[in-house]
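# Descriptive structure summary
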Amino acid sequence: MVTVRAPATSANLGSGFDVFGAALSRPADVVTVEKAAETTIEVTGVGAQYIPEDPEKNTVGAVVEALDAPARIHIDKGVRPASGLGSSAASAAGAAVALNRLYDRGRSREELVPIAAEGEAVVSGVAHADNVAPSILGGFTVTTADGTRSVDAAIPLVVCLPDVAVSTRDARRVVPESASMEELVETVGNAATLAIGMCRSDPDLVGLGMSDPVVTPERARLITGYDEVRGRAFDAGATGVTVSGAGPAVIAACRERDRRDVAAGMLDAFAGAGIEARAYQTRIGRGATFLAD
Ligand SMILES: Nc1ncnc2c1ncn2[C@@H]1O[C@H](COP(=O)(O)OP(=O)(O)OP(=O)(O)O)[C@@H](O)[C@H]1O
Ligand SMILES: N[C@@H](CCO)C(=O)O
């Protein structure tokens, strides 16, 4: 039996749509696997009632196929589904790391990224790796067609999760078909600034790099109260604010000393819009870790 803790993640980070991702120190899924002739899946924890246990419909099913690793799988959800925190990805990442060890498949962590991304295709139709990559590798990740690079970064974060659901599939429908050259230049500049900020663990540069003129404005419309939440986060000292993944979670970069006030301001703004929410005071964290094997 092998048990793996796979962290929640925040993809895009504003300027890095479908490219950037960051592992969060909390929350996380815990995936336990045991060899079996037939694959079965049991899901417990947050939002389990909304998550299919059919291997054809659960993200871990595609991972089982890719690794030829039938197993009895228990997923204890710590990452709420349809949250923008890589819930579907955390399970796929945890299963990939756990099954790779259980069957001694010998794949590297980098080789497990596209395997886990196949799980994402099951739920959103696209094998985007920007959540599974940081959930497997940890840190800040940059994923392109020729692979993933990661770097550890000490950046305090607040993730505020409203009590509403936005599916990735729906959120991908509002992504613009094209962008102007001016928007392209602004996005590249922001993305490069964010990457340097991560390498330097500089929350000011990371915050500046989270600005995005193309995708975020369209997705913000799906989140009631977003503008007020963003404004209150900045008032409390946030260095950058954007939609986490496909939303509805909202992520803010900040300094450690401001994190509590940023969380309080974001929660208060959602409450003012009549929306229950919870805030995670977190930071960029490690990738999947073995709890037992
Ligand atoms: N193991 C799993 N964990 C969570 N969701 C799963 C899993 N397997 C399938 N799903 C389905 O995937 C959907 C959640 O995925 P979705 O990508 O919409 O949200 P998310 O992963 O939390 O957000 P994001 O990808 O934007 O960070 C739910 O509808 C759920 O039924
Ligand atoms: N890059 C993906 C991430 C989903 O978490 C999207 O924004 O659709």
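Residues numbered from 1 in each chain as written. Chains lettered and ligands numbered in written order. Predicted model: local features only at pLDDT ≥ 70, side-chain atom pairs only at ≥ 80, totals over all residues. Heavy atoms only, no water.

- The protein is annotated in an unreviewed UniProt entry as Homoserine kinase of Halorubrum distributum JCM 9100.
- For the protein, the Catalytic activity (unreviewed entry) comment in UniProt is given as "L-homoserine + ATP = O-phospho-L-homoserine + ADP + H(+)". (UniProt positions renumbered as here; feature names shortened; annotations may be inferred.)

### Considerations on the layout of surface pockets
- Size it by volume and the largest pocket reaches roughly 600 Å³.
- Only strand 4 (71-77), helix 2 (87-102), helix 3 (109-124) and helix 5 (168-172) provide two or more residues apiece to the lining of the largest pocket.
- In the lining of the largest pocket, the residues fall into 13 nonpolar, 16 polar and eight charged.
- Residues from two domains meet in the lining of the largest pocket; each of domain 1 (2-151 + 285-292) and domain 2 (156-282) gives at least three. (1 Å grid on protein atoms, 1.4 Å probe; cavity = no way out; pocket = protein on both sides within 12 Å on 5 of 7 lines; lining within 4 Å. Points joined across faces, edges and corners; volume = space filled by probe spheres on them. Helix = DSSP H or I, 4+ residues; strand = E, 2+ residues; numbered from the N terminus. Nonpolar A, V, L, I, M, F, W, Y, C, P; charged D, E, K, R; others polar. Domains from an automatic or database assignment.)

### Here we look at the packing of helix 2 against helix 3
- Where helix 2 meets helix 3, the axes come as close as 9 Å, and the angle between the chain directions of the two elements is 135°. For the element pair helix 2 / helix 3, the angle class is oblique. Of the two elements, helix 2 crosses helix 3, and the hand of that crossing is right-handed. Contacts between helix 2 and helix 3 involve Ser88, Ala89, Ala92, Ala93, Ala96, Val97 and Asn100 from the first element and Arg109, Leu112, Ala116, Glu120 and Val123 from the second. (Axes fitted to C-alpha atoms, helices over the stretch in contact; angles between N-to-C directions. Parallel < 35°, antiparallel > 145°, perpendicular 65-115°, else oblique. Left-handed = near helix turned anticlockwise from the far one by under 90°. Contact = heavy atoms within 4.5 Å.)

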